[in-house]
Amino acid sequence: MPKVVRSGLCTAVWGLLVAPQSASAGPLPVGNCTTTVAYITDAGPVSFSGDRDFSGIGPQSSQPLGAAPNVTTLNAVNLLGFRPRVDTVFPEAIGDGESLLYHGIYKKPDAYNGEFFPGLVVGGDLTITVSNIRFAEPVTVDESTFLFHTFYDAEQVDQLGAGAYEHLHNHHTATDPFRDEHHFASANVFDHGHHGAANTVLADVRPVIIGNGTDTIGFTLTVPYDLLKSLEQTTQPVPPGLPGPQGFLEPYHFHIEYVVAPEPASWLSLAVAALTLRLARRARRTSSRV
């Protein structure tokens, strides 16, 4: 058996990442939102956008992103990502009244050996923006749950030869501490393995949350392209035929996930409104008896 740790084998990984929908009864997004991927090439800036709802159930749900040569996307709620997996062991990983939003970026299924972002300048940045995520009530993003995950193809990793990666998954968190980090470690998601941790904090790379505390939210995340490099990458050359435009193997997938919950002020408003309505009804019943 190849030496790569296959806790996320390509043939079984979606059984690990896809779990029964959480019973958290948290706020659910309504309709479509807009995903945009932008970067700089030698010919200038490029940007690709597309509208998606949150009905994604796996890679088969992913659709091409505008005219992007090799990018597809999908969104999901309470179904894909790592928190649903952890939640089966530690149910509080998605708390009562919370929902997990997932934004997946993939290569086209027939183009895993192609470049993700053709022409991206050496050392350039990627900017991922998801906007107009609408809810029926104001919500707040818990930034301490913000996770950026990269996933490498097992067959491609095997071709890197001696000294290649022990892990197919890397994880980057927006904050330190990351909420429920001990649960992720206990569930073998954050695996501190052969070359050191397979996860790290984004450090000064932080998402910019848009509309936090309102009924329409979004975020922008700008990361260096180098963030797609495996944390276990050393000097392994990328053999011809594999995607390594800047000297390291590209993942074939990455995603962003985070928890949202009702805005506390909205909970208070709802409670006050409910109490007011109850008192009004009681007053009407009392007056009708007089």
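The shown structure was predicted, so the numbers you read here are calculated from the model rather than taken from an experiment.

**As for the overall build of the chain**
Piece 1. For the chain, the helix and strand inventory stands at five helices and 14 strands.
Piece 2. Going through the 290 residues of the chain one by one, you find that 50% of them count as buried.
Piece 3. Looking at the chain alone, contacts between residues at least 24 apart form 74% of all its contacts between residues at least 6 apart.

**A short note on the pattern of salt bridges**
Piece 1. Scanning the entire structure with this criterion turns up six salt bridges.
Piece 2. Between Arg179 and Asp142 there is a salt bridge; the shortest N-O distance is 3.1 Å. Here Asp142 lies in strand β7 (residues 139-151) and Arg179 lies in the loop between β8 (169-173) and α4 (181-186), a separation of 37 residues in the sequence.
Piece 3. Linking Asp180 and Arg179 is a salt bridge whose minimum nitrogen-to-oxygen distance equals 3.1 Å.

**Quick word on the side chain of Asp180**
Piece 1. Along the chain, Asp180 turns up in the loop between β8 and α4.
Piece 2. At 3.1 Å, the side chain of Asp180 forms a polar contact with the side chain of Arg179.
Piece 3. With near-sequence residues (within four places) excluded, Asp180 lies in contact with Arg83, Glu92 and Ala93.

**Some remarks on the nonpolar core**
Piece 1. In this structure, Phe117, Leu126, Ile133 and Tyr258 are the most contacted members of the largest nonpolar core, which totals 36 residues.
Piece 2. Broken down by secondary-structure element, the contributors of at least two residues to this core are β1 (33-41), β5 (99-106), β6 (125-134), β7, β13 (216-224) and β14 (253-262).
Piece 3. By size, the runner-up hydrophobic cluster in this structure holds eleven residues, among which are Ala154, Val157, Ala164 and Leu249.

**Quick look at the packing of aromatic side chains**
Piece 1. Scanning all chains against the criterion turns up 15 aromatic pairs.
Piece 2. Ring geometry for Tyr225 versus Phe248: centroids 5.1 Å apart, planes at 35°, classification tilted. Placement of the pair is Tyr225 in the loop between β13 and β14 and Phe248 in the loop between β13 and β14, with a sequence separation of 23 residues.
Piece 3. Aromatic ring contacts, followed pair by pair, group Tyr39, Phe48, Phe116, Phe117, Phe148 and Phe254 into a single cluster.

**Remarks on the sheet that holds strand β12 (residues 208-210)**
Piece 1. What the five strands build is an open sheet, ordered β2-β1-β6-β13-β12; its pairing is antiparallel. Single-partner strands in this sheet number two, and they are β2 (44-52) and β12. If you compare each strand with its neighbour and ignore which way they point, the axes differ by 15° on average.
Piece 2. In the sheet, β12 pairs with β13 via three bridges, with the strands oriented antiparallel. Looking at the pairing, Ile210 lines up with Gly218 of β13.

**Things to note about the pairing of β14**
Piece 1. When you tally the buried positions in β14, you get nine out of ten residues, the bulk of the element.
Piece 2. Relative to β14, β5 runs antiparallel, the two sharing eight bridges. Bridged to Gly104 within β14 is His255.
Piece 3. Pairing between β7 and β14: nine bridges, direction antiparallel. Each bridged residue has a counterpart across the sheet, and for Asp142 the counterpart in β14 is Val259.

**Thoughts on unusual backbone geometry**
Most of the time, phi is negative for any residue but glycine, and the peptide bond is trans.
Piece 1. Geometrically, the link from Asp176 to Pro177 is a cis peptide bond, its omega value of 10° lying close to zero.
Piece 2. Mapped onto the fold, Pro177 is located in the loop between β8 and α4.

**Regarding the environment of Ile256**
Piece 1. Looking at the element boundaries, Ile256 is found in strand β14.
Piece 2. The residues contacting Ile256, other than those within four sequence positions of it, are Leu101, Tyr102, His103, Ile128, Phe146, Leu147, Phe148, Phe219 and Leu221.

**What about the pairing of β8?**
Piece 1. Taken across its five residues, β8 has five buried, putting it largely inside the fold.
Piece 2. Every second residue of β8 is oriented toward a common face, with His169, His171 and Thr173 on one face and Asn170 and His172 on the other, all of them buried.
Piece 3. Sheet topology places β7 next to β8; five bridges connect them, and they run antiparallel. Looking at the pairing, Leu147 lines up with Thr173 of β8.

**A short note on the environment of Cys33**
Piece 1. Within the secondary structure, Cys33 sits in strand β1.
Piece 2. Spatially, the C-alpha atoms of Cys33 and Thr216 are 9.7 Å apart, while their sequence positions differ by 183 residues.

Conventions we followed
- Residues numbered from 1 in each chain as written.
- Predicted model: local features only at pLDDT ≥ 70, side-chain atom pairs only at ≥ 80, totals over all residues.
- Heavy atoms only, no water.
- Helix = DSSP H or I, 4+ residues; strand = E, 2+ residues; numbered from the N terminus.
- Buried < 20%, exposed > 50% of the residue type's maximum accessible area, 1.4 Å probe, protein only.
- Contact = heavy atoms within 4.5 Å.
- Salt bridge = Lys/Arg side-chain N within 4 Å of Asp/Glu carboxyl O.
- Polar contact = N/O pair within 3.5 Å; in protein donor to acceptor, adjacent residues only side chain to side chain.
- Core = buried A, V, L, I, M, F, W, Y, C linked by side-chain atoms within 4.5 Å.
- Phe/Tyr/Trp six-rings, centres within 6.5 Å; stacked < 30°, edge-to-face > 60°.
- Pairing = 2+ DSSP bridges.
- Axes fitted to C-alpha atoms, helices over the stretch in contact; angles between N-to-C directions.

Keep in mind that these numbers describe shape and distance, not what the molecule does.
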